[in-house]
Amino acid sequence: MKRVAFVFTTAPHGSSAGREGLDALLATSALTDDTGVFFLGDGVLQLLAGQQPATILARDYIATFKVLPLYDIDNCWLCAASLRERGFSAATPRVLDAEVLEPDALREKLDNYDVIMTF
């Protein structure tokens, strides 16, 4: 089976890309055990704890990211530079315990995947 990477690059609100990516990720996890999840650019905002999407009449799917380990999805990485650019740090509370990596290390991990799906 091919190794599949899911790359989240969009902010959680304002489009359905994050929710659609999460749905695709959970569905794919039933087909392969070798899935990686990457959060970079505005995608790092997908994991911030304490968001209140109801105040902007958005659907709350962000908390669903914390169930990824229950689906045996343990390979999750977060871009350190993207966090810093948005005023956050590795210590900022998140809904998922993703490993924070610098861009070069993140690219090395991503290079190990056969299929890359971006949301």
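Structure's up top.
Residues numbered from 1 in each chain as written. Predicted model: local features only at pLDDT ≥ 70, side-chain atom pairs only at ≥ 80, totals over all residues. Heavy atoms only, no water.

Engineer: I tried to follow the overall build of the protein on my own but got confused; where do I start?
Structural biologist: Along its length, the protein carries three helices and five strands. Counting from the amino terminus, helix and strand elements in the protein follow one another as β-α-β-β-α-β-α-β. The burial tally for the protein puts 41% of its 119 residues in the buried class. Counting contacts in the protein only where the partners sit at least 6 residues apart, residues at least 24 apart contribute 76% of the total. Total accessible area on the protein stands at roughly 6400 Å², and carbon and sulfur atoms take up 51% of it. (Helix = DSSP H or I, 4+ residues; strand = E, 2+ residues; numbered from the N terminus. Buried < 20%, exposed > 50% of the residue type's maximum accessible area, 1.4 Å probe, protein only. Contact = heavy atoms within 4.5 Å. Areas by Shrake-Rupley, 256 points an atom, 1.4 Å probe, with all protein chains shown as cover.)

Engineer: What's the story with the sheet that holds strand 3 (residues 75-79) in this structure? I'm lost.
Structural biologist: Spatially, 4-3-2-1-5 is the arrangement adopted by the five strands of the open sheet, whose pairing is parallel. Strands with a single pairing partner mark the edges of an open sheet, and in this sheet they are strand 4 (99-101) and strand 5 (115-118). Each neighbouring strand pair of the sheet contributes to a mean axis angle of 25°, computed without reference to strand direction. Here strand 3 runs beside strand 4; their pairing, made up of three bridges, is parallel. (Pairing = 2+ DSSP bridges. Axes fitted to C-alpha atoms, helices over the stretch in contact; angles between N-to-C directions.)

Engineer: Help me out: how do you make sense of the nonpolar core in this one?
Structural biologist: For soluble globular proteins, the rule of thumb is that nonpolar side chains tend to be buried together. Core analysis: the biggest nonpolar cluster contains 21 residues, and F8, L25, F39 and L68 have the highest contact counts within it. Of all elements in the fold, only strand 1 (4-8), helix 1 (17-29), strand 2 (35-39) and strand 3 reach the threshold of two or more residues within this core. Leave out the neighbours within four places in its chain, and L68 touches L22, L25, L26, I73, C76 and L96. V7, F38, A81 and L101 belong to the second largest nonpolar core, which has ten residues in total. (Core = buried A, V, L, I, M, F, W, Y, C linked by side-chain atoms within 4.5 Å.)

Engineer: What is the right way to read the packing of aromatic side chains from this model?
Structural biologist: How two aromatic rings sit relative to each other is given by the distance of their centres and the angle of their planes. Evaluation of the coordinates by the stated rule reveals seven aromatic pairs. When the centroid spacing of 4.9 Å and the interplanar angle of 35° are considered together, the rings of F38 and W77 count as tilted. You can see F38 sitting in strand 2 and its partner W77 sitting in strand 3, a full 39 residues away along the chain. A residue is classified by how much of its surface remains accessible, and F38, at 0% relative accessible area, is buried. Relative to Y113, the ring of F38 lies with its centre 5.8 Å away and its plane at 85°, an arrangement referred to as edge-to-face. Separated by 75 residues along the polypeptide, F38 in strand 2 and Y113 in the loop between helix 3 (103-110) and strand 5 bring together distant segments of the chain. For the residue pair F38 and Y113, the accessibility class agrees, reading buried in each case. An aromatic cluster of at least three residues, connected via ring pairs, comprises F6, F8, F39, F65 and F119. (Phe/Tyr/Trp six-rings, centres within 6.5 Å; stacked < 30°, edge-to-face > 60°.)

Note that every value here comes from positions in space, so none of it alone points to a role or purpose.
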